[in-house]
Number of protein chains: 2
Amino acid sequence: MDAALANPVRLVQGVWCAVLTPFDAAGLPDHSRLALHVRRILAAGVDGIALFGTTGEGQSLSLNERRAGLDALLAADIAPSQIVAATGCASLPETIELTRHAVRSNCAGALVLPPFFFKTVNDDGVFASYARVVDGVGDPRLRLYLYHIPQLSGVAISSTVIERLAIGYPGILAGVKDSECNLDHTRRLLSRFRELAIFVGYEPHLPAALAAGGAGTICGVANLFPRLLRRLYDNALAVGHHDDLRRVENFVAALEHYPLLAAFKALQADLTGDSGWATLRPPLVALDTEARRAWLADVAASGVVVERDAAGPH
Amino acid sequence: MDAALANPVRLVQGVWCAVLTPFDAAGLPDHSRLALHVRRILAAGVDGIALFGTTGEGQSLSLNERRAGLDALLAADIAPSQIVAATGCASLPETIELTRHAVRSNCAGALVLPPFFFKTVNDDGVFASYARVVDGVGDPRLRLYLYHIPQLSGVAISSTVIERLAIGYPGILAGVKDSECNLDHTRRLLSRFRELAIFVGYEPHLPAALAAGGAGTICGVANLFPRLLRRLYDNALAVGHHDDLRRVENFVAALEHYPLLAAFKALQADLTGDSGWATLRPPLVALDTEARRAWLADVAASGVVVERDAAGPH
């Protein structure tokens, strides 16, 4: 298929899972486990995945690993229209290279962090960074999603920058993943940028964000509870149906006492019966035995309904 | 020369310049300008350079650019024994690859950040990261300098981690660049790790750190005032000679009102008469005209003695 002719840009909307990255015994990304996991969560009802974002330990992978991981998913017949590739790197040449690869692979979009080593970067610097990415990729098929997660990146993406990008790159700038976990901030984005797809990273905010015109969520909990997130989205605007929101809130409240990704992976290992899932790459480390036990007990106590059929071996 | 036999590991000590990285008109690292600059500051008396650290915008360069930049300096006859390569990346596979390249190039050492995207990383994670680098490089010629700059990396390197590395990798762990800019912290390192070479990044702390047993400085001001830093080091333990310290303090105090690297580069452009030096790569941006004028006036008012002969065209 001629990619340049196909232009299969798909609307990114709904429940997108920020997928976990499994590692094999040698500490390398495990492509077959990853593809199996992605197939399961898609079958359970999520609309698509964000690949190698924060939840996927994307910044702990090399550029080559990130490129090869996307290629492996595509080779395993995961549709690129169901993949948003997280392509931000500390350096712009590498962000451009990965983003171009995602566009040429027909991914639904590229989720891009600002360069995140330097702090106290001003609006001109953040705008110039994104402008350089768009210009460097130089492909009208690019659908750019800005990745706002200042508590990790150290670099906030201001409304001024978003507005300049929306004006400078109409059609290219497609949306924002707001992972600040601050509903007021999300609501301000929603009221100011009605033409953009605004996603929340913090699952409990999904119903409120949808009510205010949000596009959905790109989130980590969908790795573990894809059906719960699906229902939360589908019923968000309905009267009643608050049990699912309480489940999500309770689960996230329990989660906040543990290192996030270690807790996700410990639970994923438990749900799948595949202990290899518990492995993280440094600088992140797995929960120790005691923390793991406490966390699994907290999950059980949270009232969340385990979805072993979605996660477990088929 | 057989690198494996040569083992020319040199003591890193004294005044090492964290060199600025010049960019050409296309925004790419300018190898010939860089080599010219390095030759000048070495001729002016600095003992060596740290390549592509924070001052060198190293995190804004791709892995390939960092590797090619080192190769270009070596091809321009800069001695590897006078180069400490900053090789830390967000991801460990890339840190390992760059560090291995530096070791095989006979660099005096590798200055390595911890992985810096994830925050609230614990000691086990920081230790595991460095252990993976040393084990991954797998070369006894590695001389590892830990790069402690928590205000940018977001990941402090604790004394516990340093001690575990010193025990686990004796001879490999060679020192710490302490860029926390906190003299108490530097003094604690010096009293606890007498076998390690401890460098300060904050120039005004150099005399006090030397008095407490420090190895020297790896710093940015040596780009602009190599002779001043040379004197500050050479006379640090002498009675009197406080004028140079006051000059450095005044200069650094003036600097703190401006974006650091933009101010360095504006001054470098002014001293060399080469306006191309003023260019930074996003996310960093050059001073605007007004800020540039104010900064150069502040430099003049600081009483620092301009070293045009070190910086200017030969």
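Residues numbered from 1 in each chain as written. Chains lettered and ligands numbered in written order. Predicted model: local features only at pLDDT ≥ 70, side-chain atom pairs only at ≥ 80, totals over all residues. Heavy atoms only, no water.

Colleague: Could you give me a rundown of the overall build of chain A, with the residues and numbers involved?
Modeller: Counting its secondary structure elements, chain A contains 14 helices and eight strands. Relative to its length of 314 residues, chain A is compact, with a C-alpha radius of gyration of 18 Å against a globular reference of 20 Å. If you line up chain A on its principal axes, its C-alpha atoms span 50 × 45 × 40 Å. Residues classed as buried in chain A amount to 61% of the 314 residues present. In chain A, the proportion of contacts linking residues at least 24 apart, taken out of those at least 6 apart, comes to 70%. Here chain A contributes 28 positive and 32 negative side-chain charges, whose respective centroids are spaced 2 Å apart. (Helix = DSSP H or I, 4+ residues; strand = E, 2+ residues; numbered from the N terminus. Rg over C-alpha atoms; globule rule 2.2 N^0.38 Å. Buried < 20%, exposed > 50% of the residue type's maximum accessible area, 1.4 Å probe, protein only. Contact = heavy atoms within 4.5 Å. Lys, Arg positive; Asp, Glu negative; His and termini not counted. Charge placed at Lys NZ, Arg CZ, Asp CG, Glu CD.)

Colleague: Break down the packing of aromatic side chains for me, with residues and values.
Modeller: Tallied over the entire structure, the rule returns 13 aromatic pairs over all chains. Ring geometry for phenylalanine 116 of chain A and phenylalanine 116 of chain B: centres 5.8 Å apart, planes at 45°, overall tilted. In this pair, phenylalanine 116 of chain A is assigned in the loop between β4 (109-112) and α5 (123-137) and phenylalanine 116 of chain B in the loop between β4 (109-112) and α5 (123-137), connecting two distinct chains. Ring geometry for phenylalanine 225 of chain B versus phenylalanine 251 of chain B: centroids 5.0 Å apart, planes at 80°, classification edge-to-face. Of this pair, phenylalanine 225 of chain B sits in the loop between β8 (216-219) and α10 (226-234) while phenylalanine 251 of chain B is found in helix α11 (residues 243-255), placing the two residues 26 residues apart along the sequence. Accessibility assignment for this pair places phenylalanine 225 of chain B and phenylalanine 251 of chain B in one class, buried. Taken together, the ring pairs in this structure connect Phe116, Phe117 and Phe118 of chain A together with Phe116, Phe117 and Phe118 of chain B into an aromatic cluster. (Phe/Tyr/Trp six-rings, centres within 6.5 Å; stacked < 30°, edge-to-face > 60°.)

Colleague: Now, about the relation of the copies chain B and chain A: what can you tell me, with residues and values included?
Modeller: Rotating chain B by 180° and translating it 0.0 Å along the rotation axis places it on chain A, where the RMSD comes to 0.0 Å. The superposition operator between the copies reduces to a two-fold rotation axis. Looking at the interface residues of chain B, 100% of them are also at the interface in chain A, so both copies use one shared face. (Least-squares fit on C-alpha atoms with pLDDT ≥ 70 in both.)

Colleague: How would you sum up the pattern of salt bridges? Please name residues and give values.
Modeller: Residue and element names in this part refer to chain A. With the rule as written, the count across this model stands at 26 salt bridges over all chains. Where aspartate 244 meets arginine 231, a salt bridge forms, and the shortest distance between an N and an O atom there is 2.9 Å. Taken together, the residues span a long stretch of sequence, with aspartate 244 in helix α11 (residues 242-255) and arginine 231 in helix α10 (residues 226-234) at a distance of 13 residues. In this structure aspartate 244 comes out as buried when scored by relative accessible area, which is 7%. Judged by relative accessible area, arginine 231 falls into the partly exposed class, the value being 35%. (Salt bridge = Lys/Arg side-chain N within 4 Å of Asp/Glu carboxyl O.)

Colleague: Now, about the sheet that holds strand β2 (residues 48-51) of chain A: what can you tell me, with residues and values included?
Modeller: All names here are of chain A. As summarised here, the arrangement of the eight strands in space is β1-β2-β3-β4-β5-β6-β7-β8, forming a closed barrel in which the pairing is parallel. Strand-to-strand twist in this sheet, taken as the mean axis angle between neighbours without regard to direction, amounts to 25°. Bridge count for β2 against strand β3 (residues 83-86) is three bridges, and the pairing is parallel. Looking across to β3, one finds that alanine 50 is bridged to valine 84. (Pairing = 2+ DSSP bridges. Axes fitted to C-alpha atoms, helices over the stretch in contact; angles between N-to-C directions.)

Colleague: Quick rundown of the interface of chain B and chain A? Include the residues and the values.
Modeller: Contact with chain B, which involves 35 residues of that partner, is made by 35 residues of chain A. In total, about 3000 Å² of surface goes out of reach between chain B and chain A, with carbon and sulfur atoms giving 72% of it. Its largest share of buried area at the contact with chain A, chain B owes to Phe117, Phe118 and Pro283 of chain B, together 25% of the area lost on that side. The interface formed by chain B and chain A includes zero salt bridges. There are four residue pairs in polar contact (both at pLDDT 80 or more) connecting chain B and chain A. Mapped by element, the contributors of at least two residues to the side of chain B that touches chain A are α3 (63-75), α4 (92-104), α5 and α6 (150-153) of chain B. (Buried area = accessible area lost by both parts, 1.4 Å probe. Polar contact = N/O pair within 3.5 Å; in protein donor to acceptor, adjacent residues only side chain to side chain.)

Colleague: How would you summarise the pairing of strand β1 (residues 14-18) of chain A if you had to cite specific residues and measurements?
Modeller: Residue and element names in this part refer to chain A. β1 sits mainly inside the fold: five of its five residues count as buried. One ladder, built from four bridges, connects β1 with strand β8 (residues 216-219); its direction is parallel. Within β8, the position partnered with valine 15 by the bridge is threonine 217. Here β1 pairs with β2 via three bridges, running parallel. Opposite tryptophan 16, over in β2, you have glycine 48 as the bridge partner. In the classification by handedness, the crossover that spans β1, the intervening helix α2 (residues 31-43) and the parallel β2 is right-handed. (Right-handed = clockwise from strand over helix to strand, strands pointing away.)

Colleague: Residues and numbers for the sheet that holds strand β6 (residues 173-178) of chain B, please.
Modeller: Residue and element names in this part refer to chain B. Taken in spatial order, the eight strands close into a barrel running β1-β2-β3-β4-β5-β6-β7-β8, and their pairing is parallel. For this sheet, the mean inter-axis angle between neighbouring strands, taken without regard to orientation, is 25°. Contacting β5 (144-148) and β6, helix α7 (residues 159-168) crosses the sheet at an angle of about 160° to β6.

Colleague: Explain the packing of α2 of chain A against helix α3 (residues 63-75) of chain A to me, and be specific about the residues and the numbers.
Modeller: Describing two packed helices takes the angle between their axes plus the distance from one axis to the other. All names here are of chain A. Contact pair α2 / α3: the axes reach a minimum separation of 10 Å and the direction vectors enclose 55°. It follows from the interaxial angle that α2 and α3 lie oblique. Here α2 runs over α3; the crossing is right-handed. Counted together, His31, Leu34, Ala35 and Val38 of α2 and Ala68, Gly69, Ala72 and Leu73 of α3 form the full contact between these two elements. (Parallel < 35°, antiparallel > 145°, perpendicular 65-115°, else oblique. Left-handed = near helix turned anticlockwise from the far one by under 90°.)

Colleague: Any details on the packing of α5 of chain A against helix α7 (residues 159-168) of chain A? Residues and values, ideally.
Modeller: Residue and element names in this part refer to chain A. Axis separation between α5 and α7 bottoms out at 9 Å; the angle between their running directions is 35°. Once α5 is placed against α7, the crossing between them reads as right-handed. Facing α5, whose interface residues are Asp123, Asp124, Val126, Phe127, Tyr130 and Ala131, α7 presents Thr160, Val161, Arg164 and Leu165. Per-class residue counts for the contact of α5 with α7 are six nonpolar, one polar and three charged. (Nonpolar A, V, L, I, M, F, W, Y, C, P; charged D, E, K, R; others polar.)

Colleague: Break down the state of the cysteines for me, with residues and values.
Modeller: Inspection of every chain in the model, using the stated rule, returns zero disulfides over all chains. Distance from the sulfur of cysteine 89 of chain A, which forms no disulfide, to the nearest cysteine sulfur (cysteine 89 of chain B) is 11 Å. Accessibility expressed as a relative area gives 7% for cysteine 89 of chain A, which makes it buried. Free cysteine cysteine 107 of chain A: the closest other cysteine sulfur is in cysteine 89 of chain A, separated by 14 Å. What makes cysteine 107 of chain A buried here is its relative accessible area of 8%. (Disulfide = S-S within 2.5 Å.)

Colleague: So what about unusual backbone geometry? Which residues, and what values?
Modeller: For the bond from proline 282 of chain A to proline 283 of chain A, the omega torsion is 20°, close enough to zero to count as cis. Tracing the chain through its elements places proline 283 of chain A in the loop between α12 (260-272) and α13 (289-302). Phi angles above zero are rare outside glycine, and threonine 120 of chain A is one such case at about 50°. Residue placement: threonine 120 of chain A occurs in the loop between β4 and α5. Residue classification places threonine 120 of chain A among the exposed positions, given a relative accessible area of 79%. In this model, phenylalanine 52 of chain B sits at a positive phi of 65°, which is unusual for a non-glycine residue.

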